[in-house]
Structures are given as C-alpha cells and as structure tokens.
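# Examination of the molecular architecture
What follows is the residue order along each chain.
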Amino acid sequence: MASWLPETLFEIVGQGPAPSKDYYQLLVTRSQVIFRWWKISLRSEYRSTKPGETKETHEDFLENSQLQVQIALIFGARILDYVFNLCEGKFDFLEWLSDDLLLSILSYLDLEDIARLSQTSHRFAKLCTSDKLWEQIVQSACDHITPDMRALAQDMGWRQMFFTNKLQLQRHLRKRIQRQGSQRNSEL
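Numbers given for residues are sequential positions, taken from 1 along each chain in its written order. Reporting of local features is limited, given that this is a predicted model, to residues whose pLDDT is at least 70; pairs of side-chain atoms are given and counted only at 80 or more, and all residues count toward the totals for whole chains, interfaces and linings. For the side-chain quantities, the full set of heavy atoms in the structure was used; hydrogens and water were omitted.

An unreviewed UniProt entry annotates the chain as F-box only protein 36 originating from Balaenoptera musculus.

## Focus on the packing of aromatic side chains
Here is the rule: rings of Phe, Tyr and Trp (six-membered ring for Trp) pair when centre to centre is within 6.5 Å. Planes less than 30 degrees apart are stacked, more than 60 are edge-to-face, and the remainder are tilted. Taken as a whole and judged by the stated rule, the model has eight aromatic pairs. On the numbers, 5.3 Å between centres and 55 degrees between planes, the contact of Tyr-23 with Trp-38 is tilted. With Tyr-23 in strand S2 (residues 23–29) and Trp-38 in strand S3 (residues 32–38), the pair connects residues that are 15 residues apart, well separated along the chain. Relative to Phe-163, the ring of Trp-134 lies with its centre 5.3 Å away and its plane at 55 degrees, an arrangement referred to as tilted. Highlighted residues: Trp-134 in helix H7 (residues 131–141) and Phe-163 in helix H9 (residues 158–163), separated in sequence by 29 residues. Relative accessibility under 20% of the residue-type maximum defines a buried residue, over 50% an exposed one, and the middle range a partly exposed one, all with a 1.4 Å probe and only protein chains included. Judged by relative accessible area, Trp-134 falls into the buried class, the value being 3%. Runs of H or I in DSSP of at least four residues are treated as helices and runs of E of at least two as strands, each being numbered from the N terminus.

## With respect to the UniProt feature "domain: F-box" (unreviewed entry) in the chain
Look at the UniProt record and you will see "domain: F-box" (unreviewed entry) annotated at residues 91–137. Secondary structure content for residues 91–137 is 62% helix and 0% strand, and the end C-alpha separation is 29 Å. UniProt positions are given in the numbering used here, feature names are shortened, and annotations may be inferred rather than shown by experiment.

## As for the pattern of salt bridges
One side-chain nitrogen of Lys or Arg within 4 Å of one carboxyl oxygen of Asp or Glu is enough to make a salt bridge. Applying the stated rule across the entire model yields ten salt bridges. Glu-7 is paired through a salt bridge with Arg-30; the nearest N and O atoms lie 3.9 Å apart. Remark: Arg-30 occurs in the loop between S2 and S3 and Glu-7 occurs in the segment before strand S1 (8–15); sequence separation between them is 23 residues. Between Glu-112 and Arg-116 there is a salt bridge, and its shortest N-O distance comes to 3.9 Å. Of this pair, Glu-112 and Arg-116 both sit in helix H5 (residues 111–117), four residues apart, roughly one helical turn. The pair Glu-112 / Arg-116 is uniform in exposure class, with both members exposed. A network of salt bridges, in which partner residues are shared, links Arg-36, Glu-53 and Lys-55.

## What to know about helix H4 (residues 99–106)
Within H4, burial applies to Leu-102, Leu-103 and Leu-106. Summarising the axial view, the buried residues of H4 lie within an arc of 100 degrees, below the 170-degree limit, and thus occupy one face. Whether two residues touch is decided by their heavy atoms; if any such pair falls within 4.5 Å, the residues are in contact. Contacts made by the buried residues of H4 are with H5, helix H6 (122–128) and H7. Throughout, the arc means the angular range of directions from the helix axis out to the C-beta atoms.

What follows is the structure in structure tokens.
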C-alpha cells in the first residue's frame, strides 16, 4: 500500500435503518476494517448492552459476507463498493490531492471536460464553479486584465465574466466607471 496514504483511509458514521436507533461507525485503515456499534434502546433488556467492535484485515473483510451485508444495510451499496475498492488496493488518488493542485490541473481542461467533471461529485462541482478556477481560465484566455476588469470580475464573478460577450463586458465596464466617477463627484 502507498506509504504516503494516511492511516485512516475512510470513516463514516450513521444510524441504523428504521425503526432502529442504533449508532454505527465504519473505519477503514491501511490494514484493517473496523466496524463499531452502539445499541440505543429504551427497553430494559438492552440497557446494559455494551458497545461492540469487529476488526478484520482487508483480506478477511473481503471474505466476510455477514459483515458486508450489515454495512450494505446500514450505509448502502455504494459505501460497500467503496470499501471493497479500498481493501483491494484501488484508491481514488484524486481525493487526496489538495484543492489548489486540482484547480491548477482543471485550468488545463477544455470547457466541455470541466462541465462533465463538475457532475461527478460535490467536491468537483464546487471546484469547477469556483472563482479561483475561472480567474485562471480568464487570465489564460486574455492577454491583459486591467484593474477595471479585475474589479468587475470581483463584482460579477470570474465565471460570469468569462461567458459574457465582449460588448456586454464593455457596457458593464462603462457603467462601473461612470458610477465611480459620479461617486467621486458627489464626494467633492
């Protein structure tokens, strides 16, 4: 396993399916799958029940169908598939990259690819619509960005500025300059 990976690869907590009030934690480390549970009940026979824990190596987890069924019931099939992939050594390395590094990579993509990537996860949707990314894209598309253009981008957003045609941008810049001029005159 890659040595630069953190000790904890994945963690999720949740409540069991209704009507259960039980609380569960699933933790995947570099070498183990740890499943913990806490019984929550008003019934007197369960009041003295202690929390439980099951620890399995990745190899043992892949063969433990009973634990897999429990995880699928509590957390869903997608989480089970993700844990399977982690146990088989199939890591999603993009998840471990910083946002700044991903933004730098995204700035080299075509617009269609950015649109597609934004639909893959919440994280990529946020990154693909971020002002930081669109500022980089605008800067690579334009020869020179004036201070007025930068101020306008701060007002309307870099993404909006990129998709606004030149005539509309010139009109927005003129209005902005006129407003600043009238504010200065009123201050004098």
